[in-house]
Amino acid sequence: MTAFSKVVEVRWADIDANQHMRHSAYADLCTHTRLEWLQAAGFGADEFKRQGFGPVLFRESTDYRREVNLGERLSINVLIAAASPDNSRWHIRQEMRKADGTLAAIYDVAGAWLDLRSRKLIAPPPALAAILADLPRSADFAALPLPQSA
């Protein structure tokens, strides 16, 4: 399995009135990291556009562990925490670690793939399914059931 992580620097725009990273910046940085992972794996935004589908999110959550401040560098990874056998439904987990390895936050997102023309959920094409299958699994990985036919 191919591990992916990206180092990001906390910018002025990521900071809130309490002078630490604002809650929505965690989601922004994790989204950016997921898109970088897909691009690095050969399935970037242009490929989603060409094939006419994209990710749709059902749920997002962040477990904040340590305060993060302006100028800090965070390493953000991408793990698969759950998936259906056809990778049509998935949960992705991302751990955000400070430069010294301290866990700053755990970000979880659950989603599926949306056909942009029919507006229906679909299984990913084989190339994307293989990319998902190549992700390292979280320690608590769970198999999701196949979706029911409509």
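Residues numbered from 1 in each chain as written. Predicted model: local features only at pLDDT ≥ 70, side-chain atom pairs only at ≥ 80, totals over all residues. Heavy atoms only, no water.

Per an unreviewed UniProt entry, the chain carries the name Thioesterase and comes from Vogesella fluminis.

Below, the discussion takes up the overall build of the chain. Broken down by element type, the chain carries three helices and eight strands. When the helices and strands of the chain are placed in sequence order, the string is β-α-α-β-β-β-β-β-β-α-β. In terms of overall dimensions, the chain is globule-like: its C-alpha atoms have a radius of gyration of 16 Å, near the 15 Å expected for 150 residues. C-alpha atoms of the chain, sized along the principal axes, occupy 50 × 30 × 25 Å. Counting all 150 residues of the chain, 44% fall into the buried class. When contacts within the chain are restricted to residue pairs at least 6 apart in sequence, long-range pairs at least 24 apart make up 70% of them. (Helix = DSSP H or I, 4+ residues; strand = E, 2+ residues; numbered from the N terminus. Rg over C-alpha atoms; globule rule 2.2 N^0.38 Å. Buried < 20%, exposed > 50% of the residue type's maximum accessible area, 1.4 Å probe, protein only. Contact = heavy atoms within 4.5 Å.)

This paragraph deals with the layout of surface pockets. For the largest pocket, the calculated volume is near 170 Å³. Together, Thr31, Arg34, Leu35, Trp37, Leu38, Pro55, Leu57, Trp90, Ile92, Trp113 and Leu132 line the largest pocket. For the lining of the largest pocket, the secondary structure elements donating two or more residues are helix H1 (23-40), strand S2 (53-64) and strand S5 (89-98). If one sorts the elements of the lining of the largest pocket by residue count, H1 sits on top with five residues. (1 Å grid on protein atoms, 1.4 Å probe; cavity = no way out; pocket = protein on both sides within 12 Å on 5 of 7 lines; lining within 4 Å. Points joined across faces, edges and corners; volume = space filled by probe spheres on them.)

Compared with the 26 Å implied by 1.5 Å per residue over 18 residues, the 27 Å span of H1 between its first and last C-alpha is a close match. Within the span of H1, buried status applies to Ala25, Tyr26, Ala27, Leu29, Cys30, Thr33, Arg34, Trp37 and Leu38. (Expected span 1.5 Å × (residues − 1).)

What the rule picks out here adds up to nine salt bridges. Residue Asp14 is joined to Arg11 by a salt bridge in which the shortest nitrogen-to-oxygen separation is 2.8 Å. Given a relative accessible area of 46%, Arg11 falls into the partly exposed group. For the salt bridge of Asp28 with Arg22, the shortest nitrogen-to-oxygen distance reads 3.5 Å. Among the residues examined, Arg22 registers a relative accessible area of 22% and is labelled partly exposed. Salt bridges sharing partners connect three or more residues here, namely Arg11, Asp14, Arg22 and Asp28. (Salt bridge = Lys/Arg side-chain N within 4 Å of Asp/Glu carboxyl O.)

Looking now at the nonpolar core. In terms of nonpolar packing, the biggest core is built from 33 residues, with Met21, Trp37, Leu74, Met96 and Leu128 touching the most fellow members. Among the secondary structure elements, those contributing two or more residues to this core are H1, strand S3 (73-77), strand S4 (79-83), S5, strand S6 (103-115) and helix H3 (126-133). Among the elements that make up this core, the one with the highest residue count is H1 (seven residues). Setting aside residues up to four positions removed in sequence, Trp37 forms contacts with Phe4, Val78, Ile92, Ile131, Leu132 and Leu135. (Core = buried A, V, L, I, M, F, W, Y, C linked by side-chain atoms within 4.5 Å.)

By secondary structure assignment, the location of Asp46 is in helix H2 (residues 45-51). Here Asp46 falls in the exposed class, since its relative accessible area comes to 55%. Expressed as a C-alpha distance, the spacing of Asp46 and Ile122, which sit 76 residues apart in the sequence, is 18 Å.

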